[in-house]
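Structure at a glance
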Amino acid sequence: MVPVIAGGVAVPLAVTAGTASAPEAERPARAAAAPMPQTQKTVTAPASRPYGVDVSHHDKGFDWSQKKLSFGIVKATEGVEHKDSTFVRNWAEIQENGLVRGAYHYGRPGNDPVREADHYLKTVTSAGLRTGDLLVLDLETTDGRSKSEVNDWAKRWLERVQQKTGVKPLFYSSWSFAKEYGKGLGEYPLWVAHYGKARGRVTAPSPWKQWAIHQYASTDHDHNVSRLSADGLRQLGYDPSAPSSG
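Residues numbered from 1 in each chain as written. Predicted model: local features only at pLDDT ≥ 70, side-chain atom pairs only at ≥ 80, totals over all residues. Heavy atoms only, no water.

1. Thoughts on helix 1 (residues 87–96)
Put simply, the test is: Each residue is assigned to one of three classes by its accessible area relative to the maximum for its type, calculated with a 1.4 Å probe on protein chains only: buried under 20%, partly exposed between the two thresholds, exposed over 50%. Only DSSP runs of H or I reaching four residues or more are called helices, and only runs of E reaching two or more are called strands; each is numbered from the N terminus. Working definition: the arc comes from the directions between the helix axis and the C-beta atoms, pointing outward to the latter. Throughout, a residue-residue contact means that at least one pair of heavy atoms, one from each residue, lies within 4.5 Å.
Within helix 1 the residues assigned to the buried category are Phe87, Asn90, Trp91 and Ile94. The arc that holds the buried residues of helix 1, viewed along the axis, is 100 degrees, so those residues lie on one side. Seen from the open side of helix 1, the exposed residues pointing more than 90 degrees away from its buried face are Val88 and Glu96. Where the residues of helix 1 are buried, they touch strand 1 (51–55), strand 2 (71–78), strand 4 (100–106) and helix 2 (113–127). In the stretch just after helix 1, Gly98 is the one whose phi turns positive, near 70 degrees.

Structure representation (structure tokens):
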């Protein structure tokens, strides 16, 4: 990622309809944002921070068996219909290699946020959603909407996923985009893209007090470190026992 749900299913989530699609080829600069729980105790020292990558169809054939990897986050969906062509393969291989895994949705504020959230949940649950899997909104474009409209859209998408799963999704965006459009989103764990800072040496933009993942480079792939241990990351992920509205 660069700074830049449709019938129902239930596992145990219930989702609803979705329509029009967004082109896979478009890939503007991306980033992620969300706040860290104040009780999180598994912060890692800078030198030992877990390393991971995020990929999409742009990174076909990625080798998830690399020993240096602790986590992997993959594109699942975009808009109200599109599914990334490499999602199912990546999702399974990350699990097979024992890594913390996450799935992200590339948000399009020009569409209905509930339909986009339901499309995302249907896709991810169909592929298999397990304890500790990270749910992520990738928001880095406005689709011509105003700041307040984009902010309201993000809130509704995040609220919908939390309502259906009982878990707060991570929010990904660039540092500047998160700061401009993230008003009121500080309760969601933050995955922030900032290439101008050394790995793990970034500060969180307002309204976040801390970041969970820092995307610090995008060369052959997007490179990230977590300030949490692998177990700490999993604590931010899906929990089937969490209360939800189903």
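2. What to know about the packing of helix 2 against helix 3 (residues 147–165)
For clarity, the cut-off: Angles here are taken between N-to-C directions and fall from 0 to 180 degrees, while the axes themselves are lines fitted to C-alpha atoms, restricted in helices to the stretch in contact. Angular relationships are summarised with four words: roughly parallel below 35 degrees, roughly antiparallel beyond 145, roughly perpendicular across 65 to 115, and oblique for the angles in between. Throughout, a crossing is termed right-handed when the near helix is turned clockwise from the far one, and left-handed when it is turned anticlockwise from it by less than a right angle. Gly is placed with the polar residues, together with every amino acid not listed as nonpolar (Ala, Val, Leu, Ile, Met, Phe, Trp, Tyr, Cys and Pro) or charged (Asp, Glu, Lys and Arg).
Where helix 2 meets helix 3, the closest approach of the two axes is 8 Å, and the angle between their N-to-C directions is 40 degrees. One finds that helix 2 runs oblique with respect to helix 3. As helix 2 runs across helix 3, the sense of the crossing is right-handed. Touching Pro113, Val114, Glu116, Ala117, Asp118, Tyr120 and Leu121 of helix 2 are Trp153, Arg156, Trp157, Arg160, Val161, Lys164 and Thr165, all from helix 3. Looking at the contact of helix 2 with helix 3 residue by residue, the class counts come to eight nonpolar, one polar and five charged.

3. Remarks on the nonpolar core
Cut-off, in case you're wondering: Here the nonpolar core consists of buried residues drawn from Ala, Val, Leu, Ile, Met, Phe, Trp, Tyr and Cys, with membership extended through side-chain atoms lying within 4.5 Å.
Judged by nonpolar contacts, the single largest core of 43 residues is most densely connected at Trp64, Tyr120, Val124, Leu137, Leu139, Trp157 and Phe171. With six residues, helix 3 is the largest single contributor of residues to this core. Excluding its chain neighbours within four sequence positions, the residues that come into contact with Leu137 are His105, Gly107, Trp153, Ala154, Trp157, Leu158, Leu170, Phe171 and Tyr172. Listed in part, the 15 residues of the second largest apolar core include Phe71, Tyr104, Leu134 and Leu228.

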